[in-house]
Structure formats: structure tokens, C-alpha cells
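# Analysis of the macromolecular model
Below are the chains, spelled out letter by letter.
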Amino acid sequence: EKYDADVIVIGAGGAGLTAAITAAENGMNVIVLEKMPMAGGNTLISGGEYAAPENWVQEKEALEDSADLFYGDIMKGGDEESDPALARILADKALDGAKWLRDEVGMIFEDYMLFFGGHSVERSLVPKNATGYEMIHKLTEKLKETGSPLHLETKATELIMDENGRVTGVKAEYHGQVIEYTAKKGVIMASGGFGYNKEMRAQYNEEMGEGYLSTNSVGSMGDGLVMAEKIGASLVDMSFIQAYPTCDTQSGALLYVGDVRMEGRSILVNKEGKRFVEELERRDVISKAVLQQTGSVSYMFWDASAMEDSGMDVKHAAEYNGLIARKQLVKADTLEEAAAFFEIDAEELKKTVENYNQYAKDGKDLEFNKRGKLVPFGEGPYYIMVSKPAIHHTMGGIKINTEAQVVSTEGKVIEGLFAAGEVVGDIHGTNRLGSNAIADITVFGRIAGESISK
Ligand code: ADP
């Protein structure tokens, strides 16, 4: 079978859908290929939070922020390893992208924000119900409106190049059948990262191989990286692989109940009942610190008012109930009881909480200098949740220029090939800050969609 289009997009996660909609709105005939039976990828299972400086919630709360400050955070958060030009675009266009999602795509955002690690101010917008579903649902609806088909269970296997080195199409497989797609204008690679691919992780970074579970969608196997490399694309920063610090010790799933941490309302302690890291540090820093604790796990502690204010047991009720049932989370009337459940040193934990409350009173955390407003712990019931790091994001990937065109190992543009989203490298340096991926896939998804339509 054969299909002809102006633009073929590989991958129906946030980046691919955004790029496809943008290209369609620029008059292109677009087909989106997705290997899974549904759209969404890692975007769908993410919290969907979106970092945007000078956003409308900040405005309401009279919080000062700027694109420059955000740029500085991206660079610092990734140890200055990002391509400055790409990081600059992300910082400058993040707000625009968020407004596009809100006003053009119809995404609904909550009226509060979250404080993600490594940001210098609270700037992360929260989608309806704090999951990636809102984004994928609304993008898929919008794609339908443009009349662009989404071919599910269709796995791209190979990029087709003509004799001039221009990408002109894609070979794909649908239920064992080979399908050829020709793309007059070109192909947008938006196939996501390789966080679910143990072998590939180990190939690029020995430490990040099978010793870790993964938070990722099973589709994040790095297909697009392999396809692009085969036709000469440059892959960069491939060893930069991020673990998320607080994941399910059994499945590796990212635990959203733990977002009480991003509201500044929980602490992380070890079996000895002591804090060991700033709770709003970068993910990589916290993950490394956790791995040095007894049992390579951490215990998140919070109180009744933190639970009530954050509403985590309601927002993420299914996860919460599952954690209780599987004994990964305990709710107990006293601190001693909660500590005993996980055999944590209760005396020490008590001291830790007393110290923290004193810091809150004084307005300064003398041990770890935790950012944001410190809120003391009050009455029970108390909650303790066990968790450990799991692979979350692959920062490395295809090298692109500022127009989202793919660059070859010789530093030349590969005509007809564009890339956006987690498949791209060199935007977040060694470490992506929380809520920067959703901004990234939106900003560069739109750029790819515009560039290919020119
Ligand atoms: P991003 O955040 O960059 O959009 P996601 O992980 O959300 O990344 O989405 C990537 C999508 O690409 C996933 O839905 C994944 O299943 C899909 N995908 C990965 N490899 C292929 C492939 N070879 N062919 C088609 N779709 C693919």
C-alpha cells in the first residue's frame, strides 16, 4: 500500500500532534503515524505541567518572572551543556506555546501552579486534573478538526532518501504489512526518547541500564534515533539520561501523589529518619542522593494539612488507593506508627520534623536551604510513602538547528527532515528540569510544523 502527503509526522505524542496541527494549519496535507494503538506516548502519562515565565497564574499571584530568568534556569539546570540558541528559543517562546494550547487548542489549565525542582520561581502551569490526558485529548481533537489522518498501529521503520540526500518519505509496518508513505515537503520525527529501552540506555551510559525501572511508555524505544542515525543524522548528548527520584519501587511508575513535594509540603527522609537532600533540588541530584541511602529508597513524609491542601488523595485517588493496598504508602494517626510501618527510626524522624518546623518558623532551612515558603508540619494523621528513582527522560538525541531541521554528522542540514520533542538532543543539557519537556515539545513542535510548511 502507498500514501502520498505533503508532510509525514512520526509519533503522536505531544510534539508530533503539535507539529501536525501546525503544518495542517499552514495548508499542508499531513498524515501522522503512531506505532501504538493510541496516541499519547510519554506525554499522556506525564503530569502535563508546563513551565512558562510571565504566565497568567503568576500574574494573578503577582509573582515576578522573566524569559531571561527561565533561560538561566534551563542552562544552570543542565550544567550549561544545552545549545544556548535552542535553550533561548525555549525560554522566549514558552509562554506563547502555553497560550496557543489554551486559546487555540482549548486546553484547560488549573488556577494554581507547581514548584518544580531547579526553577528559581514557581512557574509551572498545571493542566486540568494534573495529567497529560488533557493535552493529548485536546490535541487529538484539534488534529481531527484539521482533517489530518492518524494512522495507529503503524510503525515507521525506515526513512526514504532520494539521490540528492533529501528525505522524501517513510517506510512503515501495519500488522506485518509494509506501507510506503511519500512526503513532498518532508518528514517530522517526533518519536520520543529511549527511556524504556534498557539495552540502548546501557549502550550510551552503562550506569543507566537494567539496574533501573522506567517511568516511560513502552513506545519509548528510540526507534527514531536509530532511523535518523542510519541516514546520517547527528546524535548528541546520548549519555545524558535522567532518573526521576520518587517512583514506584515495584513498577517504576512516576508517583503523582508525591507531587505534594512540589507544593513544598513534604520532606524526604531515609531509614534513619534523617533528611538527606533539598527536596526541591534537581531530579538528578535527588536521585543520586537517594541511591546512597539505606536500601536505595527514600521515604516521603507529610501531614494532614499538606494532604488536605494539596488534595493528592483526591486528584490521584486510584494511585493513592493502590499504594495503600500494596503497602507503599501508610496513613497513621501518630508519627511513631507511621515510622514503624516502614521500620524508620521514629525518634530521629521526630527530631527531624521538630528541626524542620523550627526552620519554617525562622524562615530559613539551615540544613538544606530548601527554596520556596517553608510550612511547618502540624497534626496527624501522617503519611509516609516509599519510593525510588526510575529512568524518566533521555536528554540526548537528534541535533537540530533553530528551525527544527535535522543536522548531519557533517554539520549540514538534511533536507526534508525535521525533528521535535524528546527525540531531539541538546536542549536540556545534562538534566531536564521538571515541566520543561511539555514546554519544549510545544515550542519546537510548532517550529517544526511551521518550518516544514515553508
Ligand atoms: P514527545 O514528548 O516528544 O511528543 P512522546 O513519548 O510523548 O514524545 O511521543 C512519542 C510517540 O511516538 C509515542 O506515542 C510513540 O509510541 C511513538 N513512536 C515511537 N516510535 C515510533 C515509530 N517507529 N513509529 C511510529 N510511532 C512511534
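In what follows, the structure referred to is the one given above.
Here's a quick rundown of the structure.

Rules used in this analysis
Residues numbered from 1 in each chain as written. Predicted model: local features only at pLDDT ≥ 70, side-chain atom pairs only at ≥ 80, totals over all residues. Heavy atoms only, no water. Pairing = 2+ DSSP bridges. Helix = DSSP H or I, 4+ residues; strand = E, 2+ residues; numbered from the N terminus. Near = heavy atom within 4 Å. Polar contact = N/O pair within 3.5 Å; in protein donor to acceptor, adjacent residues only side chain to side chain. Areas by Shrake-Rupley, 256 points an atom, 1.4 Å probe, with all protein chains shown as cover. Nonpolar A, V, L, I, M, F, W, Y, C, P; charged D, E, K, R; others polar. Core = buried A, V, L, I, M, F, W, Y, C linked by side-chain atoms within 4.5 Å. Buried < 20%, exposed > 50% of the residue type's maximum accessible area, 1.4 Å probe, protein only. Contact = heavy atoms within 4.5 Å. Axes fitted to C-alpha atoms, helices over the stretch in contact; angles between N-to-C directions. Left-handed = near helix turned anticlockwise from the far one by under 90°. Phe/Tyr/Trp six-rings, centres within 6.5 Å; stacked < 30°, edge-to-face > 60°. 1 Å grid on protein atoms, 1.4 Å probe; cavity = no way out; pocket = protein on both sides within 12 Å on 5 of 7 lines; lining within 4 Å. Points joined across faces, edges and corners; volume = space filled by probe spheres on them. Expected span 1.5 Å × (residues − 1).

### Concerning the pairing of strand 7 (residues 154–161)
- As paired strands, strand 7 and strand 8 (residues 167–174) are joined by seven bridges and run antiparallel to one another. When the bridges of strand 8 are listed, Met-161 appears paired with Val-167.
- The turn joining strand 7 and strand 8, which pair antiparallel and follow one another in sequence, is formed by five residues; a positive phi near 80 degrees is taken by Gly-165.

### Things to note about the site of the ligand
- Within the structure, the ligand sits among 26 residues, and Ala-15, Glu-34, Thr-43, Asp-223 and Glu-422 are positioned closest to it.
- For the ligand, an oxygen atom lies 2.9 Å from a polar atom in the backbone of Ala-15.
- Taking Lys-35, its main chain carries an N or O atom lying 3.1 Å from a nitrogen atom of the ligand.
- For the ligand, the protein covers 98% of the area, taking 580 Å² as the surface of the free molecule.
- Secondary structure elements with two or more residues in the shell around the ligand: helix 1 (14–25), helix 2 (41–45), strand 7 and helix 8 (223–230).
- Looking at side-chain class alone, the shell around the ligand contains nine nonpolar, 12 polar and five charged residues.

### Side note on the nonpolar core
- Counting residues in hydrophobic clusters, the biggest one holds 93 residues, and the most contacted among them are Tyr-50, Leu-159, Ile-398 and Phe-444.
- Residue contributions to this core peak at 10 residues, all from helix 5 (residues 84–103).
- Setting aside its immediate chain neighbours within four residues, Leu-159 contacts Ile-10, Val-167, Gly-169, Val-170, Val-187, Met-189, Met-227, Ala-228, Ile-231 and Leu-417.
- One finds Leu-335, Tyr-359, Phe-377 and Ile-384 within the second-largest nonpolar core, a separate group that totals 42 residues.

### Some thoughts on the sheet that holds strand 3 (residues 50–51)
- Here three strands make up an open sheet; going across it, the order is 3-5-4 and the pairing antiparallel. If you trace the sheet from one side to the other, it starts and ends with strand 3 and strand 4 (109–114), each paired once.
- With two bridges connecting them, strand 3 and strand 5 (residues 124–127) associate as antiparallel partners. Looking at the pairing, Tyr-50 lines up with Leu-125 of strand 5.

### What about the packing of helix 1 against helix 15 (residues 436–452)?
- Close contact between helix 1 and helix 15 brings their axes to 7 Å; oriented N to C, the two are set at 35 degrees. When you trace helix 1 past helix 15, the crossing you get is right-handed. Here Gly-14, Ala-15, Thr-18, Ala-19, Thr-22 and Ala-23 of helix 1 come into contact with helix 15, specifically with Ile-441, Thr-442, Gly-445, Arg-446, Ala-448, Gly-449, Glu-450 and Ile-452.
- For the contact of helix 1 with helix 15, the residue count by class is six nonpolar, six polar and two charged.

### Some thoughts on the packing of aromatic side chains
- Taken as a whole and assessed by the stated rule, the structure comprises nine aromatic pairs.
- An angle of 15 degrees between the planes, with centres 5.2 Å apart, marks the rings of Tyr-3 and Tyr-181 as stacked. Within this pair, whereas Tyr-3 is found in strand 1 (residues 2–10), its partner Tyr-181 is found in strand 9 (residues 177–189), the two being separated by 178 residues in sequence.
- Owing to a relative accessible area of 28%, Tyr-3 belongs among the partly exposed residues under this scheme.
- Note on Tyr-181: relative accessible area 0%, which makes it buried.

### Comments concerning empty space enclosed by the protein
- All told, the structure shown has three cavities of 30 Å³ or more when counted by the stated rule.
- What the largest cavity holds in volume is close to 70 Å³.
- Together, Phe-116, Gly-117, Tyr-244, Arg-261, Met-262, Glu-281, Arg-282, Arg-283, Asn-431, Arg-432, Leu-433 and Gly-434 line the largest cavity.
- Broken down by class, the residue content of the lining of the largest cavity amounts to four nonpolar, three polar and five charged.
- Here the second largest cavity is characterised by a volume of approximately 40 Å³.
- Along the walls of the second largest cavity sit His-393, Thr-394, Met-395, Gly-421, Glu-422, Val-424, Gly-425, Asp-426, Ile-427, His-428 and Asp-440, which together make up its complete lining.

### Brief notes about helix 1
- Compared with an ideal rise of 1.5 Å per residue, which puts 12 residues at 16 Å, helix 1 spans 16 Å between its outermost C-alpha atoms and is within 8% of the ideal.
- With 11 of 12 residues buried, helix 1 is to be regarded as a mostly interior element.
- Every buried residue of helix 1 is listed here: Gly-14, Ala-15, Gly-16, Leu-17, Thr-18, Ala-19, Ala-20, Ile-21, Thr-22, Ala-23 and Ala-24.
- Within two residues after helix 1, Gly-27 carries a phi angle of roughly 90 degrees, on the positive side.

### So, the environment of Leu-33
- Note on placement: Leu-33 falls in strand 2 (residues 30–33).
- In this structure Leu-33 comes out as buried when scored by relative accessible area, which is 2%.
- It is 5.7 Å that separates the C-alpha atoms of Leu-33 and Gly-11, two residues lying 22 residues apart in sequence.
- Setting aside chain neighbours within four positions, we find Leu-33 in contact with Ile-8, Val-9, Ile-10, Gly-11, Ala-12, His-151, Thr-154, Ala-156, Val-170, Ala-172 and Tyr-181.

### Comments concerning the side chain of His-393
- Along the chain, the position of His-393 falls in strand 15 (residues 382–394).
- For His-393, a relative accessible area of 5% corresponds to the buried category.
- Reaching out from His-393, the side chain makes a polar contact with the side chain of Arg-432 at a distance of 3.0 Å.
- Beyond its immediate stretch of four places on either side in the chain, His-393 contacts Phe-240, Ile-241, Gln-242, Glu-422, His-428, Arg-432 and Ala-437.

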